[in-house]
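Overview (structure and organization)
Spelled out from the first residue to the last, the chains are:
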Amino acid sequence: ATANWTAESNQANARFGYSVASAGDVNGDGFSDVIVGALRFDNGESDEGGAYAYHGSASGLSTTPNWTAESNQAGAIFGASVASAGDVNGDGFSDVIVGAYLFDNGESDEGRAFVYHGSASGLSATANWTAESNQDFAYFGYSVASAGDVNGDGFSDVIVGAYRFDNGETDEGRAYAYHGSASGLSATANWTAESNQVGAEFGYSVASAGDVNGDGFSDVIVGARFFDNGQIDEGRAFAYHGSASGLSASPNWTAESNQTDANFGISASSAGDVNGDGFSDVIVGAYRFDNGQTDEGGAFVYYGNEGGGLRQDLRQFRPSTTTPIVPALKTQSLAGVTLRKRQKSIAGRSNTKIQIEVKTLGTPFNGLGLQETSFALHATTGTPTDLTVGSLSNRTLYKWRVRQVERLGGIGHLLLPRSRWYYPAGVAPTEAHFQVSDDDAPLPVELIAFSLVPKERGIFLEWRTASEVNNAGFIIKRSVSRSGEYSEIASYRTHEALRGAGASPLGKIYSYFDDDRTLQAGQTYFYKLLDVDFDGVVTEHPVKEITFLREYILSQNYPNPFNPTTAISYQLPVASEVSLKLYDVLGREVMALVNGRQAAGSYSVSLNGANLSSGIYFYRLQASATNGASSSNFVATKKMMLVK
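Residues numbered from 1 in each chain as written. Predicted model: local features only at pLDDT ≥ 70, side-chain atom pairs only at ≥ 80, totals over all residues. Heavy atoms only, no water.

Structural notes on the overall build of the chain
Scanning the chain from N- to C-terminus turns up 1 helix and 42 strands. By the compact-globule yardstick of 26 Å for 644 residues, the chain fits well, its C-alpha radius of gyration being 27 Å. The dimensions of the chain, computed from C-alpha atoms along their principal axes, are 75 × 75 × 55 Å. Counting across all 644 residues of the chain, residues that qualify as buried make up 50%. Within the chain, counting contacts between residues at least 6 apart in sequence, those at least 24 apart form 58% of the total. On the chain, the mean spot of the 46 positive side-chain charges and the mean spot of the 70 negative ones are 9 Å from each other. (Helix = DSSP H or I, 4+ residues; strand = E, 2+ residues; numbered from the N terminus. Rg over C-alpha atoms; globule rule 2.2 N^0.38 Å. Buried < 20%, exposed > 50% of the residue type's maximum accessible area, 1.4 Å probe, protein only. Contact = heavy atoms within 4.5 Å. Lys, Arg positive; Asp, Glu negative; His and termini not counted. Charge placed at Lys NZ, Arg CZ, Asp CG, Glu CD.)

Description of empty space enclosed by the protein
In total, this model carries 1 cavity of 30 Å³ or more according to the counting rule given. A volume near 80 Å³ is recorded for the largest cavity. For the largest cavity, the full set of lining residues is S124, A125, T126, N128, Y570, V594, Q598, Y603, S604 and V605. At the level of elements, β39 (589-598) and β40 (601-608) are the ones that each hand at least two residues to the lining of the largest cavity. (1 Å grid on protein atoms, 1.4 Å probe; cavity = no way out; pocket = protein on both sides within 12 Å on 5 of 7 lines; lining within 4 Å. Points joined across faces, edges and corners; volume = space filled by probe spheres on them.)

Section: the packing of aromatic side chains
Scanning the entire structure with this criterion turns up 30 aromatic pairs. With a centroid separation of 4.9 Å and 70° between ring planes, the pair formed by Y101 and Y142 is classed as edge-to-face. Remark: Y142 occurs in strand β9 (residues 140-148) and Y101 occurs in the loop between β6 (95-100) and β7 (112-116); sequence separation between them is 41 residues. The pair Y101 / Y142 is uniform in exposure class, with both members buried. A centroid spacing of 5.5 Å and a plane angle of 20° characterise the contact between Y570 and Y603, whose relative ring orientation is stacked. One end of the pair, Y570, is in strand β37 (residues 565-572); the other, Y603, is in strand β40, and 33 residues separate them in sequence. Overall, Y570 belongs to the buried group, its relative accessible area being 4%. Three or more aromatic residues link up through ring pairs in this structure, and these residues are Y101, Y139, Y142, Y163 and Y204. Across the ring face of Y139, the terminal group of R164 is positioned such that the distance to the ring centre comes to 4.9 Å. Here the basic side chain of R620 rests over the ring of Y583, its NZ or CZ set 5.5 Å away from the ring centre. (Phe/Tyr/Trp six-rings, centres within 6.5 Å; stacked < 30°, edge-to-face > 60°. Lys NZ or Arg CZ within 6 Å of the ring centre and 35° of its normal.)

Some details on the pairing of β39
In this structure, strand β38 (residues 576-584) lies alongside β39, joined through 8 bridges in antiparallel fashion. In the sheet register, K581 faces β39, and the bridge partner there is A592. (Pairing = 2+ DSSP bridges.)

Topic: the pattern of salt bridges
Here the idea is simple: oppositely charged side chains can pair when their charged atoms come close. Enumeration according to the criterion identifies 18 salt bridges in this entry. Two residues, D171 and R164, come together in a salt bridge whose shortest N-O distance is 3.6 Å. In this structure D171 comes out as buried when scored by relative accessible area, which is 18%. A residue is classified by how much of its surface remains accessible, and R164, at 26% relative accessible area, is partly exposed. Here D584 makes a salt bridge to R588, at a shortest N to O gap of 2.8 Å. Here R588 falls in the exposed class, since its relative accessible area comes to 51%. (Salt bridge = Lys/Arg side-chain N within 4 Å of Asp/Glu carboxyl O.)

Comments concerning the layout of surface pockets
For the second largest pocket, the calculated volume is near 400 Å³. Contributing to the lining of the second largest pocket are 21 residues, with S81, Y142, S143, V144 and V206 lying nearest its centre. When contributions to the lining of the second largest pocket are tallied by element, the ones reaching two or more residues are β1 (16-24), β5 (81-86), β9, β13 (202-210) and β17 (264-272). Taken together, the residues that form the lining of the second largest pocket break down as 13 nonpolar, 8 polar and no charged. (Nonpolar A, V, L, I, M, F, W, Y, C, P; charged D, E, K, R; others polar.)

Some words on the nonpolar core
Ranked by size, the top nonpolar core spans 26 residues in total, and within it Y570, L580 and M640 carry the most contacts. Those elements that place two or more of their residues in this core are β37, β38, β39, β40, β41 (615-627) and β42 (630-642). (Core = buried A, V, L, I, M, F, W, Y, C linked by side-chain atoms within 4.5 Å.)

Describing the sheet that holds strand β25 (residues 383-389)
Strand order in this open sheet of 3 strands is β20-β21-β25, and the pairing throughout is antiparallel. Here the strands that pair on one side only, and so sit at the sheet edges, are β20 (315-317) and β25. On average, adjacent strands in this sheet sit at an angle of 25° to one another, irrespective of strand direction. In the sheet, strand β21 (residues 337-343) pairs with β25 via 7 bridges, with the strands oriented antiparallel. In the strand pairing of β25, T338 is matched with T388. (Axes fitted to C-alpha atoms, helices over the stretch in contact; angles between N-to-C directions.)

So, the side chain of E132
Positionally, E132 belongs in strand β8 (residues 129-132). Take E132: its relative accessible area is 16%, and that puts it in the buried class. At a separation of 2.2 Å, a polar atom in the side chain of E132 contacts the side chain of R112. In this structure E132 touches N105, E110, G111, R112 and F140, once residues within four positions along its chain are discounted. (Polar contact = N/O pair within 3.5 Å; in protein donor to acceptor, adjacent residues only side chain to side chain.)

Description of the environment of I266
For I266, the position within the fold is in strand β17. For the pair I266 and D104, spaced 162 residues apart in sequence, the C-alpha separation works out to 25 Å. Sequence-distant contacts of I266, defined by excluding residues within four places in its chain, comprise Y204, S205, R225, G285 and Y287.

Here we look at a nonpolar patch on the surface
Residues V274, I283, V301 and Y303 make up a contiguous nonpolar surface patch of roughly 330 Å² in combined accessible area. Residue class for V274 comes out partly exposed when judged on its relative accessible area of 48%. (Patch = residues over 30% accessible without salt bridge, like charges linked within 9 Å, V, L, I, M, F, W, Y side chains within 5 Å. Areas by Shrake-Rupley, 256 points an atom, 1.4 Å probe, with all protein chains shown as cover.)

Concerning the side chain of E201
Mapping E201 onto the fold places it in the loop between β12 (191-194) and β13. Ignoring anything within four residues of it in the chain, the contact list for E201 reads Y163, D171, E172, G223, A224, R225 and F226.

So this is what it looks like as structure tokens:
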């Protein structure tokens, strides 16, 4: 086998590839991106380290990095760990987290973690969030990961390991979780945990564990490779469950190798749902495990729900048959599908029914339009129950979820009136689970990109098709609410540019400009794209959203006065070349906070004045944009006060 893509640092001893990870979709174009760390990269400072992001596309990953970042500190080894951070601020773009475990900021080798937010133009040029251990040689950031959503507030959280942290025991290690929010990650840790054992190196590995107990909250797993419990350096892994208040204070599960020097927990991760029971599983590495060969190593998988419990067995079939449908493939039916869940009550044998919600792709689940079975007494081992859903639209993508309801008055109803919602394993709730289609012909339009770009006088819509079959054209609808009423603003019937290519194996690029005569500054708009074939069949595509901004704004920093950190916020109505600099009272430049091109949107930059003297400072925003023959320039200056 040969690689479809490769990249290098082109610098001796840079150690490019020391860490690698999926970055999610940092620019919202519908393709996954990747991030690579080079912990020994030099660019002005020896071994400062670097991280590189490459955007995905229909042709694969970009040949050169679309984004790079560095620590700008000698020996920091930035990029020793890299990971997707999920979407910590809920703006619809994936973010990334990078660790530099030898970073110094008051304490030697204390370490630092950096988070960069995604946007339509990609990752931010400067870190939107940083955190440190504030302890010499703690190695904070040696391991970094998304924690999932541990408190169920809809924002992704992150977890960071500092495996040499001391708090009563030397090198016991610590893990830190930080919760996401609309403004990004919390400034201080919302949760910490330690091994309470000398030299255990807890936090050497950290990861999301998925939802191992099926309660709807993400859980985490932490490794301590040198933990002792009967055998020296056997290692241990710890799982902590999420809840509405965050992660549990003590581990809900632990496992060990029971072998001297196995170093169990040197790596740990979610394994997804390997046995299809609806619960997340975990995998743990022990790279010095022996079983016939010295230090051959081993990997161990543990099933969620303690390896047993209530199996869900969610399945989808062609209507009234036992022919399964692989996720996103076709039903071979004009308007229906058969969906299955195993019914089994936590109370034992009980009367239950299942409720199923089916929605077109792009339509949020809302608990309405449910279809259900009748109450029935299920077997003690559970009863696989099928429900055939009809009256669906042909050539349309759908998603579904299911829950179980207990009959009123039964013991099961007293313990748990209804279960949580379950989703087909391996497919996100935002992805298609099946296509309703009565033939093997492709859908009229294979859409590969749909983007919204803010302009000075409106919003520019552009979409690309990979192929078209029998396509008459497109309709564009707009709303101020994702689940609200959509109004038609353009149609192929009246706009020649929206007429389809009919049949085209090569696809086509389409565009439409929604001018600002009917747009309100500061309002978020939702756009729905529909294609119509020559037979009148309409197919909806996932909704896109954007906030329309009309002017440049530089806000007063907050807090002000400050010590030592403050935030500077500004907004750009269009993509601009941006310079944000700090000056002292004599007009001398102190530091450059932003220098580069940024997409339209709202931004917040953190300023750390720990190394500055008390006094008055000025910050100046300069932004310029060119749109055809016209151009715009913006300059604004505001005053701040640092008080120590």
